[in-house]
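Analysis of the macromolecular model
Listed below, chain by chain, are the residues.
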Amino acid sequence: MIDRLVGLTCILLGGGAIWHAQTLHVPFAADPIGPRVFPTIIGAVLVLAGCVLAIRPGRVELEFGTWPRALAVLAASLVYPLLLLPIGFIMATALLCFVASLAFHARPLPAAVSAIATAVVFFLLLDKVLDLPLPRGPLGI
(Lines give C-alpha, C1' and ligand atoms only; values in the text may rest on other atoms or scores of the structure.)
Protein backbone atom coordinates (compact mmCIF):
# COMPACT_ATOMS: atom_id res chain seq x y z
CA MET A 1 0.00 0.00 0.00
CA ILE A 2 2.82 2.44 0.88
CA ASP A 3 4.57 1.74 -2.43
CA ARG A 4 1.44 2.65 -4.40
CA LEU A 5 1.07 5.83 -2.37
CA VAL A 6 4.69 6.74 -3.10
CA GLY A 7 4.08 5.97 -6.78
CA LEU A 8 1.03 8.23 -6.86
CA THR A 9 2.97 10.97 -5.08
CA CYS A 10 5.76 10.73 -7.67
CA ILE A 11 3.23 10.91 -10.49
CA LEU A 12 1.62 14.02 -8.98
CA LEU A 13 4.95 15.72 -8.28
CA GLY A 14 6.26 14.90 -11.76
CA GLY A 15 3.08 16.13 -13.41
CA GLY A 16 3.27 19.34 -11.37
CA ALA A 17 6.90 19.85 -12.37
CA ILE A 18 6.06 19.37 -16.05
CA TRP A 19 3.08 21.73 -15.82
CA HIS A 20 5.09 24.39 -14.00
CA ALA A 21 8.04 24.05 -16.39
CA GLN A 22 5.79 25.10 -19.26
CA THR A 23 5.14 28.44 -17.52
CA LEU A 24 8.84 29.38 -17.42
CA HIS A 25 9.80 32.15 -19.84
CA VAL A 26 13.03 34.06 -20.42
CA PRO A 27 14.09 36.63 -23.02
CA PHE A 28 14.50 35.27 -26.55
CA ALA A 29 18.31 35.27 -26.76
CA ALA A 30 18.96 34.00 -23.23
CA ASP A 31 19.21 30.30 -24.05
CA PRO A 32 18.58 28.40 -27.28
CA ILE A 33 16.59 25.59 -25.64
CA GLY A 34 15.01 27.65 -22.86
CA PRO A 35 14.47 26.91 -19.19
CA ARG A 36 11.70 24.34 -19.69
CA VAL A 37 13.77 21.35 -20.75
CA PHE A 38 15.48 20.35 -17.49
CA PRO A 39 12.39 20.48 -15.21
CA THR A 40 10.35 18.73 -17.90
CA ILE A 41 12.86 15.87 -18.07
CA ILE A 42 12.95 15.56 -14.27
CA GLY A 43 9.14 15.61 -14.15
CA ALA A 44 8.95 12.91 -16.81
CA VAL A 45 11.38 10.71 -14.88
CA LEU A 46 9.27 11.18 -11.73
CA VAL A 47 6.07 10.29 -13.59
CA LEU A 48 7.69 7.21 -15.13
CA ALA A 49 9.09 6.04 -11.79
CA GLY A 50 5.74 6.68 -10.13
CA CYS A 51 3.96 4.61 -12.78
CA VAL A 52 6.40 1.73 -12.26
CA LEU A 53 5.80 1.85 -8.50
CA ALA A 54 2.02 2.04 -8.90
CA ILE A 55 1.80 -0.75 -11.49
CA ARG A 56 4.43 -3.13 -10.08
CA PRO A 57 4.55 -2.48 -6.36
CA GLY A 58 7.21 -4.10 -4.27
CA ARG A 59 7.20 -4.95 -0.64
CA VAL A 60 8.30 -2.02 1.49
CA GLU A 61 9.98 -2.92 4.73
CA LEU A 62 10.79 -0.23 7.23
CA GLU A 63 13.69 -0.99 9.48
CA PHE A 64 14.47 0.47 12.86
CA GLY A 65 16.30 3.73 12.50
CA THR A 66 14.78 4.72 9.18
CA TRP A 67 13.29 8.00 10.46
CA PRO A 68 16.53 9.45 11.87
CA ARG A 69 18.29 8.69 8.58
CA ALA A 70 15.47 10.26 6.59
CA LEU A 71 15.52 13.32 8.85
CA ALA A 72 19.29 13.68 8.40
CA VAL A 73 18.90 13.66 4.61
CA LEU A 74 15.94 16.05 4.87
CA ALA A 75 17.92 18.47 7.06
CA ALA A 76 20.91 18.33 4.70
CA SER A 77 18.59 18.95 1.74
CA LEU A 78 17.05 21.97 3.45
CA VAL A 79 20.44 23.44 4.36
CA TYR A 80 21.88 22.76 0.88
CA PRO A 81 20.37 25.78 -0.93
CA LEU A 82 21.45 28.04 1.92
CA LEU A 83 25.07 26.91 1.50
CA LEU A 84 25.27 27.22 -2.29
CA LEU A 85 26.23 30.90 -2.43
CA PRO A 86 28.50 31.08 0.63
CA ILE A 87 30.58 27.95 -0.03
CA GLY A 88 29.89 27.21 -3.70
CA PHE A 89 28.28 24.40 -5.67
CA ILE A 90 31.04 21.82 -5.36
CA MET A 91 31.47 22.08 -1.59
CA ALA A 92 27.72 22.29 -0.86
CA THR A 93 26.95 19.34 -3.13
CA ALA A 94 29.78 17.29 -1.65
CA LEU A 95 28.43 17.96 1.86
CA LEU A 96 24.91 16.92 0.84
CA CYS A 97 26.20 13.73 -0.79
CA PHE A 98 28.41 12.98 2.22
CA VAL A 99 25.52 13.30 4.70
CA ALA A 100 23.28 11.18 2.48
CA SER A 101 25.99 8.51 2.17
CA LEU A 102 26.51 8.38 5.92
CA ALA A 103 22.75 8.15 6.46
CA PHE A 104 22.79 4.96 4.42
CA HIS A 105 25.64 3.42 6.41
CA ALA A 106 28.58 4.22 4.15
CA ARG A 107 32.01 4.30 5.74
CA PRO A 108 33.32 7.88 6.17
CA LEU A 109 36.34 7.74 3.84
CA PRO A 110 34.58 6.11 0.84
CA ALA A 111 31.59 8.41 1.47
CA ALA A 112 33.84 11.48 1.34
CA VAL A 113 35.61 10.32 -1.82
CA SER A 114 32.37 9.50 -3.64
CA ALA A 115 30.75 12.76 -2.44
CA ILE A 116 33.61 14.85 -3.83
CA ALA A 117 33.66 12.87 -7.09
CA THR A 118 29.90 13.24 -7.48
CA ALA A 119 30.04 16.99 -6.84
CA VAL A 120 32.85 17.49 -9.35
CA VAL A 121 31.14 15.40 -12.04
CA PHE A 122 27.85 17.26 -11.58
CA PHE A 123 29.71 20.58 -11.67
CA LEU A 124 31.41 19.64 -14.94
CA LEU A 125 28.15 18.43 -16.47
CA LEU A 126 26.11 21.45 -15.44
CA ASP A 127 28.71 24.20 -15.76
CA LYS A 128 30.84 23.06 -18.66
CA VAL A 129 28.58 20.81 -20.75
CA LEU A 130 25.19 22.52 -20.20
CA ASP A 131 26.76 25.97 -19.68
CA LEU A 132 24.68 26.70 -16.58
CA PRO A 133 26.33 29.23 -14.28
CA LEU A 134 26.85 27.78 -10.81
CA PRO A 135 27.97 29.48 -7.59
CA ARG A 136 31.76 29.22 -7.25
CA GLY A 137 32.11 30.03 -3.56
CA PRO A 138 35.02 31.77 -1.86
CA LEU A 139 37.67 29.57 -3.50
CA GLY A 140 36.38 30.25 -7.00
CA ILE A 141 35.70 26.57 -7.74
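For the structure, check the block above.
Every chain is numbered independently, its residues counted from 1 as its sequence is written. In keeping with the model being predicted, local features are shown solely for residues with a pLDDT of at least 70 and side-chain atom pairs are shown and tallied solely at 80 or more, while totals for entire chains, interfaces and linings include all residues. The side-chain figures draw on all heavy atoms in the structure; neither hydrogens nor water molecules are used.

Attention now goes to a nonpolar patch on the surface. On the surface, Val121, Phe122, Leu125, Val129, Leu130 and Leu132 cluster together into a nonpolar patch covering about 540 Å² of accessible area. Along the chain, Val129 turns up in helix H5 (residues 108–129). Working definition: with a 1.4 Å probe on protein chains only, accessible area under 20% of the residue-type maximum means buried, over 50% means exposed, and in between means partly exposed. Relative accessible area serves as the criterion here: at 61%, Val129 is assigned to the exposed category. Residues enter patches when they are more than 30% accessible in relative terms and free of salt bridges; like-charged ones are connected within 9 Å and nonpolar ones (Val, Leu, Ile, Met, Phe, Trp, Tyr) within 5 Å. Residue burial considers only the protein chains on display, and all accessible areas are found by Shrake-Rupley using a 1.4 Å probe. Any carboxyl oxygen of Asp or Glu that lies within 4 Å of a side-chain nitrogen of Lys or Arg is treated as forming a salt bridge with it. Elements are defined by DSSP. Helices are runs of H or I of four residues or more, strands are runs of E of two residues or more, and each kind is numbered from the N terminus.

Below, the discussion takes up the packing of helix H1 (residues 2–21) against helix H2 (residues 37–55). When two helices pack together, their arrangement is given by the angle between their axes and by how far apart the axes lie. Simply put, an axis is a line fit to the C-alpha atoms, just over the touching stretch for a helix, and the angle between two N-to-C directions goes from 0 to 180 degrees. Packing of H1 against H2 leaves a shortest axis separation of 7 Å and a crossing angle of 160°. Our classification of the angle between H1 and H2 gives roughly antiparallel. In this structure, H1 crosses over H2, and the sense of that crossing is left-handed. Residues Asp3, Arg4, Val6, Gly7, Cys10, Ile11, Leu13, Gly14, Gly15, Ala17, Ile18 and Ala21 of H1 pack against Pro39, Thr40, Gly43, Ala44, Leu46, Val47, Gly50, Cys51, Leu53 and Ala54 of H2. A breakdown of the residues in the contact of H1 with H2 according to their chemical character gives 14 nonpolar, 6 polar and 2 charged. What sets the label is the angle itself: under 35 degrees gives roughly parallel, over 145 gives roughly antiparallel, 65 to 115 gives roughly perpendicular, and the rest give oblique. The handedness criterion is simple: a crossing whose near helix is rotated anticlockwise from the far helix by less than a right angle is left-handed, and one whose near helix is rotated clockwise is right-handed. By definition, residues are in contact when any of their heavy atoms lie within 4.5 Å. Throughout, the ten residues Ala, Val, Leu, Ile, Met, Phe, Trp, Tyr, Cys and Pro are labelled nonpolar, Asp, Glu, Lys and Arg are labelled charged, and all others, Gly among them, are labelled polar.

Multiply 1.5 Å by the residue count of a helix minus one, and that product is the helix's expected span. An ideal rise of 1.5 Å per residue puts 32 Å on 22 residues; helix H3 (residues 66–87) measures up with 30 Å between its terminal C-alpha atoms. Working definition for bend: take the seven residues up to and ending at a residue and the seven starting at it, fit an axis to each, and measure the angle between the axes. In H3, a bend of some 40° at Pro81 exceeds every other bend along the element. Those residues of H3 that are buried are in contact with helix H4 (89–103). Looking at the residues trailing H3, positive phi occurs at Gly88, about 95°.

Our next topic: the environment of Ala76. Structurally, Ala76 can be placed in helix H3. Spatially, the C-alpha atom of Ala76 lies 7.9 Å from that of Ala100, the residues being 24 residues apart in sequence. Residue contacts for Ala76: discarding those within four places in its chain leaves Leu96 and Val99.

Let us look at the nonpolar core. Put simply, buried Ala, Val, Leu, Ile, Met, Phe, Trp, Tyr and Cys residues joined by side-chain atoms within 4.5 Å make one nonpolar core. Counting residues in hydrophobic clusters, the biggest one holds 11 residues: Tyr80, Leu84, Ile87, Phe89, Ile90, Ala92, Ala94, Ala119, Phe123, Leu126 and Leu134. Elements that contribute at least two residues to this core include exactly H3, H4 and H5. Among the elements that line this core, the one with the most residues is H4, at 4 residues. Leaving out residues up to four positions away in the same chain, Ala94 has contacts with Ala115, Ile116 and Ala119.

With that settled, the discussion passes to the pattern of salt bridges. Counted under the stated rule, the structure contains 2 salt bridges. Between Asp127 and Lys128 there is a salt bridge whose closest N-O contact spans 3.3 Å. Residue classification places Asp127 among the buried residues on the basis of a relative accessible area of 8%. Measuring nitrogen to oxygen at the nearest pair gives 2.9 Å for the salt bridge that ties Asp127 to Arg136. On the basis of relative accessible area, Arg136 is assigned to the partly exposed category, the value being 33%. By sharing partners, the salt bridges in this structure join Asp127, Lys128 and Arg136 into a single network.

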